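Chain by chain, the residues:
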Amino acid sequence: MSIKADGHKWASKESQEVRNEEYARKATEIATVEFSGATELRLKDFFFKVLSGSAQGILIGVLPSAVMKYIIQYSGLGATDFGANLSAILTLFTSLIPFLIGMAVALQFKMKSLDVGVVAVATAVASGSIKWATAPAGFTNPVTGLKSIAPANVYIASGAGDVINAMIVAAIAVLVTWLVSRYLKGFGSVAIILSPIIVGGGVGLIGKYIAPYVGLVTTEIGDLVATFTKLAPIPMSILIAMAFAIIIITPVSTVGIALAISLSGIGSGAAAMGVVATTIVLLINSWRVNKPGVTIAIALGAMKGMMPSVFAKPVTMLPFLLTAAISGIPVALFNIQGTPVTAGFGYIGLVSPIQSMVKDPSVPASVMNHFINPIVALIAWLIVPIIAGFIAQFVFSKLLKLYSPMDFQQDL
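The shown structure was predicted, so the numbers you read here are calculated from the model rather than taken from an experiment.

Overview of the environment of Ala55
Here is step 1: Here Ala55 is to be found in helix α2 (residues 43-75).
Here is step 2: Note on Ala55: relative accessible area 9%, which makes it buried.
Here is step 3: Between the alpha carbons of Ala55 and Met273 there is a distance of 20 Å; along the sequence they are 218 residues apart.

Here's what the structure looks like:
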């Protein structure tokens, strides 16, 4: 940190005082403001932080298992103890998505460690990814093989739970933490006892009680999308692909949206194709004006890193939309399907293309009931989007001259 005080040397007492004032001012500017009851909560800022934290938590939970799933399966690692244990650990990330959402949301608000843990646990217990029941005396523990002497709670981790409910509970937990800090001085010296009990337990119970009702709403939304997709597969595939082509270039998580509304079947395939469309357009422009590392990063999934360039000139979104619209048609024609987890990935880890071809015993027929062959996959996932991308490039860049590849110049 370089500090000058009006060009004076630090020889005199006055100049030393000026120096100290400068240091104090700089320290105040860079100091982290910790969350408390004095923190001003604005609705827009509050919503954005909850949304941003939720997106981070979802990606942390989904990416490891999704990317490594087929690598472990087809490399032969799955048949070894090492591979089986690694797969189990990475799968656990998925069940901990609600916990990760709570943690990431709390960190967005710059909470202290106690409050981060409390918000994370309250969010986790309320979202259904971890369920529990009382096992009677004599119950055989499947891990240890021992029988319980007395009745005890048994916890089962399965799936990601209700992401929407997790977001709601995380928001409630943040608000309650703020109210406690503002009006009860954060429980004072007994915070480490009362905060987990009242905020963690209380908010967790509220979330558990509202979960069935929130689940009904999200299920209805997912069913509505599925119904429209069945009634009008081509128009719906186009619309979903176009929507996700734009979402992937915003702070909103495509994976989060798909999980929230349980987007599956053709809807999932169309969503993934929308992500692919944006990836193709960015690659077509990036390789001409950016360093190779930037283009490689985009290919690996860093589309959101291009937000500054895209938002600086919103007209650059038009090729995303046209490419997605064209690429969405084969999804309906070939009945390309996916799961809520794979809907927002696109080319990332080849998760979406592989899922559309390979039958997974863990995926029920109600979620996905059709699989395509490699030739169809090559046409739908690669050839059509690339052709569509160059068509969009010609129309909007060469013909209409609405933008140039230089508009996508950026460092990641």
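Focus: the nonpolar core
Soluble, globular proteins show a tendency: their nonpolar side chains are buried together.
Here is step 1: Core analysis: the biggest nonpolar cluster contains 58 residues, and Ile58, Val62, Phe109, Met111, Leu282, Met303 and Phe320 have the highest contact counts within it.
Here is step 2: Broken down by element, this core gets its largest block of residues, 10 residues, from helix α6 (residues 163-183).
Here is step 3: If we ignore the near neighbours within four places in the chain, the residues touching Phe109 are Phe35, Leu41, Phe46, Lys49, Val50 and Val174.
Here is step 4: Phe244, Ala270, Met273 and Tyr347 belong to the second-largest nonpolar core, a separate cluster that totals 25 residues.

Some remarks on helix α5 (residues 113-125)
Helical periodicity: at 3.6 residues per turn, an α-helix aligns residues three or four positions apart in one direction.
Here is step 1: Over its 13 residues, α5 runs 19 Å from end to end, which matches the ideal 18 Å to within 8%, given 1.5 Å per residue.
Here is step 2: Restricting attention to buried positions, one finds in α5 the residues Asp115, Val116, Val118, Val119, Ala120, Ala122, Thr123 and Ala124.

Concerning the packing of helix α4 (residues 97-108) against α5
Describing two packed helices takes the angle between their axes plus the distance from one axis to the other.
Here is step 1: The N-to-C vectors of α4 and α5 enclose an angle of 145 degrees; their axes lie 7 Å apart at closest approach. In this structure, α4 crosses over α5, and the sense of that crossing is right-handed. Packed against α4, whose contacting residues are Pro98, Phe99, Gly102, Met103, Ala106 and Leu107, the element α5 presents Val116, Val119, Ala120, Val121, Thr123 and Ala124 at the interface.
Here is step 2: Looking at the contact of α4 with α5, its residues break down into 10 nonpolar, 2 polar and no charged.

The rules behind each value
Residues numbered from 1 in each chain as written. Predicted model: local features only at pLDDT ≥ 70, side-chain atom pairs only at ≥ 80, totals over all residues. Heavy atoms only, no water. Helix = DSSP H or I, 4+ residues; strand = E, 2+ residues; numbered from the N terminus. Buried < 20%, exposed > 50% of the residue type's maximum accessible area, 1.4 Å probe, protein only. Core = buried A, V, L, I, M, F, W, Y, C linked by side-chain atoms within 4.5 Å. Contact = heavy atoms within 4.5 Å. Expected span 1.5 Å × (residues − 1). Axes fitted to C-alpha atoms, helices over the stretch in contact; angles between N-to-C directions. Left-handed = near helix turned anticlockwise from the far one by under 90°. Nonpolar A, V, L, I, M, F, W, Y, C, P; charged D, E, K, R; others polar.

Taken by themselves, the reported measurements are silent on function.
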